[in-house]
Structures are given as C-alpha cells and as structure tokens.
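# Close look at the chain arrangement
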Amino acid sequence: ELKVEQNPLFLSMQEGKNYTIYCNYSTTSDRLYWYRQDPGKSLESLFVLLSNGAVKQEGRLMASLDTKARLSTLHITAAVHDLSATYFCAVGGTNAGKSTFGDGTTLTVKP
Amino acid sequence: GAVVSQHPSWVICKSGTSVKIECRSLDFQATTMFWYRQFPKQSLMLMATSNEGSKATYEQGVEKDKFLINHASLTLSTLTVTSAHPEDSSFYICSARDMKGGSEQYFGPGTRLTVT
C-alpha cells in the first residue's frame, strides 16, 4: 500500500524567510503532484512532476522530485502572507491511476 | 483550461434523506472521475473511482450502497448520499482526467454537505 508522508504538518514562518516542505512516499511512482488549498476551497494545482530530477518553479515556489529517494520538496523563497494555505503533495499511481494524498502542511506566514 | 464544476456548492439536508451531487467536466471529456471526501483539517480521502459506462470502484471501507455513483456520460458523474446522517457531513470534492491523456487531475470546487 502506497503511503505518503509530509512534514512538517504545521509551519509558521516570518515573511521574507525561506523554508522547505518535504514529501516522502513508500513505493515507486511515475508522477508527483503539489496542490494548494485555501480555507473552505477546493484544490488548486501547483506542480506536476513526472521524472527523476524534475524541477519546476512558479513565483516563490519551487518543487523538485527525486524518484530514487522517493522524495519531493516544495521550497518557499522569501515568503509572503499570500502564501498562507495548506499544501498537499499527492503521488499518482501508474497508468494515470488514483492518487494518494499526504496529510497536508498548513503554512502560516506572519508579517 | 480544463474546468470541472460541481453542483450544488453547498447543501443542508435532514437526517434520513438523500442528496445528489453532480460533477461535470465543462470543456473536456473524462472517462475517469474521482470522488473524495474531506473532513475539517484533514486530508482528502478517496472514496471511489468512477468510470464512464461501468461500475465505480470503491475504496476499502466506503459503503457502495450508501454512496451511489453514476457516470452516465463522458462529462457527468453523480454521487448520491443515501439516507444521510450527521456523520456524513463533509466536504465532497470530485476530480476528472481528460480522456485525451495527460497527467493532471482537474478538481471541482467542492460541495459542502451538512446533515442536520
């Protein structure tokens, strides 16, 4: 059974600081997703990572994937308040099968 | 871009009644749709995988007779919560994959169900 672990689960950081959220998974997969969820809202897709060594960046967020280590990271650079949200990683099954979600990381960026 | 809608966005119903939630892919066709449930401050829990023209595949522990899923067309899947109870109150989210392929799941905006 595929297990996905995120850490930390809660993160409080100051504006302007950098931090990394980690996503470990237990079995081989060919796709890794990062999503953002604001309170009371559904999921917003951030990144799709499909190969070992993949790195994608959008604004202050950068995601990477190491399939050998079964690890993905979401790096936050110079955080701003608008980044406050819950971030989920999800690991996809093969052949576009179902995805398994991590528990989420609730990020609070303080002025 | 790919858009998925859900209706209703919120619903309040009385215990014992049934509620139907619709999930539509607006600008693409989806052979596969997924239904999730999310309790407050928790992650998404996959309930079932819905395949057009065939029976849904339910995850372990999800009662298929209570959560009826119908995927009658390439753009519509429905989830019916039968004989709802307060413990069924939750945020229900659907997602869909474009039948043309690709790796993305496109998520609907969610339906908040409150059973009184």
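Above this text sits the structure in question.
Here goes a summary of the coordinates provided.

Cut-offs applied
Residues numbered from 1 in each chain as written. Chains lettered and ligands numbered in written order. Predicted model: local features only at pLDDT ≥ 70, side-chain atom pairs only at ≥ 80, totals over all residues. Heavy atoms only, no water. Disulfide = S-S within 2.5 Å. Helix = DSSP H or I, 4+ residues; strand = E, 2+ residues; numbered from the N terminus. Buried < 20%, exposed > 50% of the residue type's maximum accessible area, 1.4 Å probe, protein only. Contact = heavy atoms within 4.5 Å. Pairing = 2+ DSSP bridges. Buried area = accessible area lost by both parts, 1.4 Å probe. Salt bridge = Lys/Arg side-chain N within 4 Å of Asp/Glu carboxyl O. Polar contact = N/O pair within 3.5 Å; in protein donor to acceptor, adjacent residues only side chain to side chain.

Quick look at the state of the cysteines now. One pass over the full model with this rule turns up 2 disulfides over all chains. Note that Cys23(A) is cross-linked by a disulfide to Cys89(A), the S-S spacing being 2.1 Å. For the disulfide bridge between Cys23(A) and Cys89(A), the dihedral angle about the S-S bond is near 80 degrees, and by the sign convention the bridge is right-handed. In this pair, Cys23(A) is assigned in strand β3 (residues 19-25) and Cys89(A) in strand β9 (residues 85-92), connecting sequence segments 66 residues apart. Exposure class is identical for Cys23(A) and Cys89(A). Each is buried. With a sulfur-sulfur separation of 2.0 Å, Cys23(B) is cross-linked through a disulfide to Cys94(B). Torsion about the S-S bond of the Cys23(B) and Cys94(B) cystine: about 80 degrees, corresponding to right-handed handedness. On the criterion of sequence distance, the pair formed by Cys23(B) in strand β3 (residues 19-25) and Cys94(B) in strand β9 (residues 90-97) is long-range, its members being 71 residues apart. Each member of the pair, Cys23(B) as well as Cys94(B), is classed as buried.

In this section: the environment of Ala85(A). Residues and elements named next belong to chain A. When you line up the elements, alanine 85 lands in strand β9. Assessed through its relative accessible area of 6%, alanine 85 is described here as buried. Residues contacting alanine 85, with those up to four places away along its chain left out, are Arg36, Gln37, Asp38, Thr105, Thr106 and Leu107.

Residues and elements named next belong to chain B. Taking burial as the measure, the 8 residues of strand β5 (residues 44-51) include 6 buried ones, the bulk of the element. Relative to β5, strand β4 (residues 32-38) runs antiparallel, the two sharing 7 bridges. The residue of β5 that forms the bridge with phenylalanine 34 is threonine 49. In textbook terms, the turn of a hairpin is the stretch between consecutive antiparallel strands, and for β4 and β5 this stretch comprises 5 residues, one of which, lysine 41, has a positive phi near 60 degrees. As paired elements, β5 and strand β6 (residues 57-58) share 2 bridges and run antiparallel to each other. For alanine 48, the partnering residue across the bridge sits in β6 and is tyrosine 58. Between the antiparallel neighbours β5 and β6 lie 5 residues, among them glycine 53 with a positive phi of about 80 degrees.

The next thing to look at is the interface of chain A and chain B. The interface is formed by 19 residues belonging to chain A together with 21 residues belonging to chain B. Carbon and sulfur atoms supply 50% of the area buried between chain A and chain B, which totals about 1400 Å² over both sides. Interface area lost by chain A to chain B is led by Ser42(A), Lys98(A) and Phe101(A), which between them contribute 33%. Applying the counting rule to chain A against chain B returns 1 salt bridge. For Lys98(A), the salt bridge is made with Glu59(B), and the minimal N-O distance between the two is 2.9 Å. Between chain A and chain B we count 6 residue pairs in polar contact (both at pLDDT 80 or more) in total.

What is shown is where atoms sit, not what they do.
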